[in-house]
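# Commentary on secondary and tertiary structure
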Amino acid sequence: MGYESAELPEECGMGHSGCGTGEVMYWLYQIPDYNMWMRAGRMNYRETLLLGDIVKNKRSLSSLSESELEIWRAKGIEGRFAHTAEDGTVVPDILVFEGDALEEVKKAIAKHTAFEALLTNIQSAFDGTADILRESGIDVLHNQLGYCASMDISRIRMMTVHDEVESGRLTVPADPARSTAAMWLELR
């Protein structure tokens, strides 16, 4: 529960971070394998809000103020997370979920025929992990078993990525350094 050392058969760590407000959020999974930790980089708070405003309000590049243009160019939104079309419109190069679109995706996933079995298997793995931690951990940490088991069980994410790449169902981007895979923008 924090100090153990283990040799796992595969790299299972994965970062997940984001920034923004309730109206505009940028999220990314940082994948340690396949040269996909930083990919196109990370947007900061100002970049997130600017790109969110541009996409949400369908703004063209010509509508940006000088300070917005500085963020657009100097901070590197252009060519990393969006580009300007010939007519001056801004085209996001990152997945964008507007309104309730992300909730609709989650509902569609929950309707999949294997979803209930998957939840049952994950719950079983979680319960087994919590049991092992309960048996081998000190009593004072028992009120944190849910958190500790969750952190261990989250390794399933990276194991799944490996399995899907190996099966051919998931393709690693040809140019990982420029990829925005596993990144998205939520606009409410």
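The following paragraphs examine the structure supplied in this document. Predicted model, so just to flag it, every value in this text is computed and none were measured.

The rules behind each value
Residues numbered from 1 in each chain as written. Predicted model: local features only at pLDDT ≥ 70, side-chain atom pairs only at ≥ 80, totals over all residues. Heavy atoms only, no water. Axes fitted to C-alpha atoms, helices over the stretch in contact; angles between N-to-C directions. Helix = DSSP H or I, 4+ residues; strand = E, 2+ residues; numbered from the N terminus. Parallel < 35°, antiparallel > 145°, perpendicular 65-115°, else oblique. Left-handed = near helix turned anticlockwise from the far one by under 90°. Contact = heavy atoms within 4.5 Å. Nonpolar A, V, L, I, M, F, W, Y, C, P; charged D, E, K, R; others polar. Phe/Tyr/Trp six-rings, centres within 6.5 Å; stacked < 30°, edge-to-face > 60°. Buried < 20%, exposed > 50% of the residue type's maximum accessible area, 1.4 Å probe, protein only.

Now for the packing of helix α4 (residues 115-136) against helix α5 (residues 145-153). The interhelical angle for the contact between α4 and α5, taken along N-to-C directions, is 125 degrees, at an axis separation of 9 Å. Classified by the interaxial angle, the pair formed by α4 and α5 is oblique. Helix-helix and strand crossings are classified by hand; for α4 and α5 the assignment is right-handed. Along the contact surface, α4 presents Ile122, Ala125, Phe126, Thr129, Ala130, Leu133 and Arg134, while α5 presents Leu145, Gly146, Cys148, Ala149, Ser150, Asp152 and Ile153. Looking at the contact of α4 with α5 residue by residue, the classes come out as nine nonpolar, three polar and two charged.

Attention now goes to the packing of aromatic side chains. On inspection of all chains with the given rule, the structure shows two aromatic pairs. Relative to Phe81, the ring of Tyr26 has its centre 6.0 Å away and its plane inclined at 75 degrees; by these criteria the two rings are edge-to-face. Residue Tyr26 is found in strand β2 (residues 24-30), and its partner Phe81 is found in the loop between α2 (66-74) and β3 (82-84); the two are separated by 55 residues along the sequence. Tyr26 sits in the buried class, given a relative accessible area of 1%. Their ring planes at 35 degrees and their centres at 5.8 Å tell us that Tyr29 and Trp184 sit as a pair that is tilted. With Tyr29 in strand β2 and Trp184 in strand β6 (residues 183-187), the pair connects residues that are 155 residues apart, well separated along the chain.

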